[in-house]
Amino acid sequence: NLLRLRTFKEIKSLIEGSVLTRGSKHKALKTFELLAEAESSAHGISSETVHFHEVGALDSIVDTVAVAVCLDYLGVNEVVVSALPMGRGLICGAAHGPLPCPAPATVQCLCAADLLTYATQSDGEFVTPTGASLVATLKTSVGDWPRRFRQERIGYGAGINQWRGRPNLLRIVLGTVEEDK
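Residues numbered from 1 in each chain as written. Predicted model: local features only at pLDDT ≥ 70, side-chain atom pairs only at ≥ 80, totals over all residues. Heavy atoms only, no water.

### Some thoughts on the overall build of the protein chain
Now for step 1: Looking only at helices and strands, the protein chain has 5 helices and 10 strands in total.
Now for step 2: Rg of the C-alpha trace for the protein chain: 17 Å, near the compact-globule value of 16 Å for 181 residues, within the 12% margin.
Now for step 3: Its C-alpha atoms put the protein chain at 55 × 45 × 25 Å along the principal axes.
Now for step 4: Taken over 181 residues, the protein chain has a buried fraction of 33%.
Now for step 5: For the protein chain, contacts bridging at least 24 residues in sequence account for 68% of all contacts bridging at least 6.
Now for step 6: Positive and negative side-chain charges of the protein chain, numbering 18 and 19 respectively, have mean locations separated by a distance of 5 Å. (Helix = DSSP H or I, 4+ residues; strand = E, 2+ residues; numbered from the N terminus. Rg over C-alpha atoms; globule rule 2.2 N^0.38 Å. Buried < 20%, exposed > 50% of the residue type's maximum accessible area, 1.4 Å probe, protein only. Contact = heavy atoms within 4.5 Å. Lys, Arg positive; Asp, Glu negative; His and termini not counted. Charge placed at Lys NZ, Arg CZ, Asp CG, Glu CD.)

Okay, structure coming up:
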């Protein structure tokens, strides 16, 4: 079942029992550990017994593991994260009913990682718990576009929501930061 609830313990077992490299497993597990801690804090239960709702769906597991595999495969050892846009309003359709935006798990993940955010003055969820946990666990620093940066590859991920006046895209740029001469 693609949408069934999974516990952190189940997801951890899936990843640990997989044929992924040690680096990919480590990155994926760190991400799910942070999500489990955020959910356990919100629900007042242990992280091992947390039931993931939307994040436990197969597509969210694949998204998280795919990011870990790509970073490991490409040999990425530095992830610089710029300030993240925060929407406002309500998130409707969540398993627990309407949630404030940003979602509690999103805020918890961002707090754990000392990431910068900015208000968009727009209704909607621009950073999901999955996205927040990924950048929180994989970032090595926070900052703007590097002063001297040699771009080598660009990748995009598109969301399904349509926002007025802004694209629903995640852009990742692979490259090398060069020292000032």
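There's plenty left to go through after this.
### Remarks on the pattern of salt bridges
Now for step 1: Evaluated as defined, the whole model comprises 3 salt bridges.
Now for step 2: Of the charged contacts in the structure, one is a salt bridge between Arg150 and Glu178, with a shortest N-O distance of 2.5 Å. Taken together, the positions of Arg150 in strand β9 (residues 149–158) and Glu178 in the segment after β10 (169–177) put the pair 28 residues apart, joining distant regions of the chain.
Now for step 3: Exposure remark for Arg150: the relative accessible area of 48% places this residue in the partly exposed category. (Salt bridge = Lys/Arg side-chain N within 4 Å of Asp/Glu carboxyl O.)

### Overview of helix α4 (residues 104–113)
Now for step 1: If you check which residues of α4 are buried, you get Ala105, Thr106, Cys109, Leu110 and Ala113. Buried residues in α4, looked at end-on, bunch into an arc of 130°, giving them a common side. Among the exposed residues of α4, those oriented more than 90 degrees off its buried face are Cys111 and Ala112.
Now for step 2: The secondary structure elements touched by the buried residues of α4 are α2 (22–43), β4 (84–88), β7 (117–123) and α5 (129–138).
Now for step 3: Where α4 terminates, the next one or two residues include Asp114, which has phi positive at roughly 55°. (Arc of directions from axis to C-beta.)

### A short note on α2
Now for step 1: A rise of 1.5 Å per residue sets the reference length of α2, with its 22 residues, at 32 Å; its end C-alpha atoms lie 31 Å apart and thus fit the reference within 8%.
Now for step 2: Looking one or two residues beyond α2, the residue adopting positive phi is Gly44, at roughly 70°. (Expected span 1.5 Å × (residues − 1).)

### Here's the deal with the environment of Val67
Now for step 1: You can see Val67 is positioned in helix α3 (residues 58–74).
Now for step 2: In this structure, the C-alpha to C-alpha distance between Val67 and Glu178, residues 111 residues apart in sequence, is 25 Å.

### Looking at the confidence of the model for the protein chain
Now for step 1: The pLDDT averaged across the protein chain works out to 86; a share of 92% of its residues lies at or above 70.
Now for step 2: Taking the mean pLDDT of every element in the protein chain, the minimum, 72, falls on strand β2 (residues 51–52) and the maximum, 93, on α5. (pLDDT = per-residue confidence, 0-100.)

### Comments concerning the environment of Cys109
Now for step 1: Along the chain, Cys109 falls in helix α4.
Now for step 2: Leave out the neighbours within four places in its chain, and Cys109 touches Leu34, Leu35, Ala38, Pro129, Ala132, Ser133 and Ala136.

### Section: the pairing of β4
Now for step 1: Most of β4 sits out of view: 4 of its 5 residues are buried.
Now for step 2: Relative to β7, β4 runs parallel, the two being bridged by 4 bridges. Each bridged residue has a counterpart across the sheet, and for Arg88 the counterpart in β7 is Asp123. (Pairing = 2+ DSSP bridges.)

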